[in-house]
Structures are given as structure tokens and as C-alpha cells.
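Residues per chain are reported as follows:
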Amino acid sequence: MAEIPSPSARFPALGFPQDTLMLYCIGAQKAGTTWLHRLLQTHPQCHVTRAKEVHYFDVLDGLTSLEQRQKRRMRDIQGALGRLNANMKPTDRSALILIDDALRHLAMYTALHDETESFDAYIGYLLNEWRSEKVICDITPSYSLLGTERFAQMAQLGNARFAFIMRDPVSRVWSQVRMSVRLDFERDGQELHDKAFAEACHKRARSFARSGADNLRRSSYVSTIDRLETKVERERVLYLFFEDLFKDVTVQKISDFLDLSNDFTQVSSKMNEGISVSIDPENARALREVLKEQYDGIFARFGDDLPEAWHKWDHV
């Protein structure tokens, strides 16, 4: 694992104020991080990157493919270039803004051969368009896969705090399955017929269940909590549950955790919902058994604080 240089001495030169709060959201995939990104954007004291997921530390550690991330940003640039023309109005800046953001993101990735340079590029990307907001946010769900020492290093940045969103594991996997099958259908030019799509989803879920817990890392909540709390003080971690996200009490909890007034504007819970298909009981039982260790560990840790939805597969 590569080691980032201690950032504290370089922050003043980069214009990163010591009293700024750095928020990392390391929530699980398909667990409401898009909603959190949109919510934070509504607060006048939160600075949120244009790209929802920054993918710096996970790419740095080889947990996420650098090539895939670069290709993703190149596709963004190519798509935006197609929208440019000589008759653009001064107010039509969305394509230019997207290109600018993608280029800054690529500069961060192309600097990875030199970790000092790439770390500066990462901080520069975070601070782009920053206007003295109290909280700077990096919302990248796959950071939940990072190791203990990387969490310790991240904790040095700007009085860092971590938000970890969890979702009922079977429901999260089923949502991931439907998303991945939809993307496969779209890539292959297949029509999303209800029957064919549902059959493909059930087949994918059976494959996930047979593959075992090692291939369901995004549901390994207990391991993430253990690695995080080994190096980060408990009071600097906020645990949230997808099933409770869209409630006023949760928004207040986020405000209190970030030491902000509750000036958020509530946003819709209907984001990236995907195509509705019900999981069949056989797959639900198989996934529940594969993920038993996660259920047992989270039940033991959070007890009555867990949403009722986490119990819906107990007797399937």
C-alpha cells in the first residue's frame, strides 16, 4: 500500500484552512449516497465536488481500476464536446463546466505516478470553486474497502469526519444486481423486456449467493467498522441507515454531526431507483444465509437502533 505524505505542513500553502471540516462519505453502494450528495449540495456551508464520487484513495490503493475511471471521465468529455457549437449562448455553460471538472479529475489520476503530486492534485480538485464553506465533502462509497492505515491518513485532513451509510444487506445486493443487469442490457443493446430482465436478475442473484461472502465486499459492514474505528475516534464517525435516510430526524442528525445549522433543503428519495423487480424467496434465503455474519454483527452492534426493514428476511 502506498503512503501519502503527512498533509498538515502543506495545507497552508494549498490554501486549505486548518479549521475546515473534511467529510468523507464511505457509504455502501446502492445505499443512498446520491441522496446525501444532493442533500449536502443544498446547504450554504457545504462544498461538494461536481462529480459525486471522487475515487482518489481507492484508485491510489488499486481497489478501483484507474483505467476505468479515466475512461469514464474521457467519455464525459467526449459527450460534452458534442454539445459545443459556435452558437452557444452565454448562459449555456453546462458542457464547459463538465469538461473543466473532468479535466481536473483526469489531472489527479494522471499524477498518480508521483504521490506527492497526485495528493496536491486531489486537494486542488476538492478546493476547486470552494468559497470558504465550513465543510468540504468527498462522497465515494468504495472508500469503505480501504485499509486501516489509509483511514488513519485520511483522518488527518481538515478535522476529518466519516459518514458510513448501511442498507439491509439482501436489499442492497438485490439493488446492485438490478443495476448491473440493466447496464449489461443497455451496453448490449437489449430491450428491457420485463420477463427477460427479471430472469437475468434472478440468475445474477443466484450467482452472487453461490459465490459466497468474499465476493460481496460492499456488504462487509462489520469489517469496515472494525478497520475504521481502529484508527478513527468514534465521535468522528456517523452511522446512518438507508431505510431512515429520508426522515427529518436523520437530516437533523447530519446537521448536528457537522456542527451546522439545519439549513438543508430536503430532496427526493427517488434517485437511481432502477427497474422494479421483486426478489424471489429462494434467492432471498440464500443471500440472507451468505450474509449471516453481517446481520449478526450489525444486530449485535446497533440492536434496537436498526430499522425494522433489516428483519424482513429473518423468516423467509
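Before any of the text, the structure's been laid out above.
What counts, and at which threshold
- Residues numbered from 1 in each chain as written.
- Predicted model: local features only at pLDDT ≥ 70, side-chain atom pairs only at ≥ 80, totals over all residues.
- Heavy atoms only, no water.
- Helix = DSSP H or I, 4+ residues; strand = E, 2+ residues; numbered from the N terminus.
- Rg over C-alpha atoms; globule rule 2.2 N^0.38 Å.
- Buried < 20%, exposed > 50% of the residue type's maximum accessible area, 1.4 Å probe, protein only.
- Contact = heavy atoms within 4.5 Å.
- Areas by Shrake-Rupley, 256 points an atom, 1.4 Å probe, with all protein chains shown as cover.
- Lys, Arg positive; Asp, Glu negative; His and termini not counted.
- Charge placed at Lys NZ, Arg CZ, Asp CG, Glu CD.
- Phe/Tyr/Trp six-rings, centres within 6.5 Å; stacked < 30°, edge-to-face > 60°.
- Lys NZ or Arg CZ within 6 Å of the ring centre and 35° of its normal.
- Pairing = 2+ DSSP bridges.
- Axes fitted to C-alpha atoms, helices over the stretch in contact; angles between N-to-C directions.
- Polar contact = N/O pair within 3.5 Å; in protein donor to acceptor, adjacent residues only side chain to side chain.
- Patch = residues over 30% accessible without salt bridge, like charges linked within 9 Å, V, L, I, M, F, W, Y side chains within 5 Å.
- Salt bridge = Lys/Arg side-chain N within 4 Å of Asp/Glu carboxyl O.

## A few points about the overall build of the protein chain
For the protein chain, the count of helices and strands is 13 helices and five strands. On C-alpha atoms alone, the protein chain measures out to a radius of gyration of 20 Å, which is about the 20 Å that the 2.2 N^0.38 rule sets for 316 residues. Along the first, second and third principal axes, the C-alpha atoms of the protein chain reach 55 × 50 × 40 Å. Out of the 316 residues in the protein chain, the part that is buried amounts to 51%. Considering only residue pairs separated by 6 or more positions, the protein chain has 79% of its internal contacts joining residues 24 or more positions apart. Surface summary for the protein chain: the accessible area is close to 15300 Å², and the carbon and sulfur share equals 47%. Distance between charge centroids for the protein chain: 4 Å, based on 42 positive and 46 negative side chains.

## Some words on the packing of aromatic side chains
Using the criterion set out here, one finds 20 aromatic pairs in the structure. Between Y295 and F299, the ring centres sit 5.9 Å apart and the planes meet at 55°, which makes this aromatic pair tilted. Within this pair, Y295 and its partner F299 are both found in helix α13 (residues 292–302), separated by four residues, close to a single helical turn. By the burial criterion, Y295 is buried, and F299 matches it. Every member of this aromatic cluster is reached through a ring pair, and the members are Y24, Y56, F57, F119, Y122, Y143, F151 and F162. Directly above the aromatic system of F242 lies the positively charged group of R167, at a separation of 4.1 Å from the ring centroid. One residue, R301, lies across the ring of F302, its end atom 5.4 Å from the ring centre.

## Things to note about the sheet that holds strand β3 (residues 135–139)
If you walk across this open sheet you meet the five strands as β2-β3-β1-β4-β5, and the pairing is parallel. At either margin of the open sheet sits one strand with a lone partner, and together these are β2 (46–48) and β5 (237–241). Ignoring which end each strand starts from, the neighbouring axes of this sheet average 25° apart. When strand β1 (residues 21–25) meets β3, the two strands line up parallel, connected through five bridges. In the sheet register, Y24 faces β3, and the bridge partner there is D138. Strands in contact with helix α2 (residues 33–41) are β1, β2, β3 and β4 (161–166); relative to β3, the strand with the most contacts, it is inclined by about 160°. Of the strands in this sheet, β1, β4 and β5 are in contact with helix α11 (residues 248–257), which crosses β5 at around 170°.

## Here we look at the side chain of H202
Within the secondary structure, H202 is located in helix α9 (residues 194–211). Overall, the relative accessible area of 18% leaves H202 in the buried class. A distance of 3.1 Å separates a polar atom in the side chain of H202 from a polar atom in the side chain of D280. Here H202 is in contact with W174, V277, S278, I279, D280 and N283, once residues within four sequence places are set aside.

## Concerning the environment of F164
Secondary-structure assignment places F164 in strand β4. Each C-alpha atom of the pair F164 and A28 lies 7.4 Å from the other, and the pair is 136 residues apart in sequence. Among all residues touching F164, those that are not within four sequence positions of it are I26, G27, A28, S144, Y221, T224, I225, L238, Y239 and L240.

## Quick word on a nonpolar patch on the surface
Taken together, the side chains of L81, L84 and L96 define a hydrophobic patch exposed on the protein surface, amounting to about 250 Å² of accessible area. You can see L96 is positioned in helix α5 (residues 94–110).

## A word on the pairing of β1
The element β1 is largely enclosed, with a buried count of five among its five residues. Judged by which residues are buried, β1 turns out to be covered on both faces: L21, L23 and C25 on one side and M22 and Y24 on the other are all buried. Pairing of β1 with β4 involves three bridges; the strand directions are parallel. Its bridge partner lying in β4, L23 is registered against R161.

## With respect to the environment of A51
Within the element layout of this structure, A51 appears in the loop between β2 and α3 (57–60). Here the alpha-carbon distance between A51 and H37, two residues 14 residues apart in the chain, equals 9.7 Å. If sequence neighbours within four positions are ignored, A51 has contacts with H37, R73, D101, H105 and Y125.

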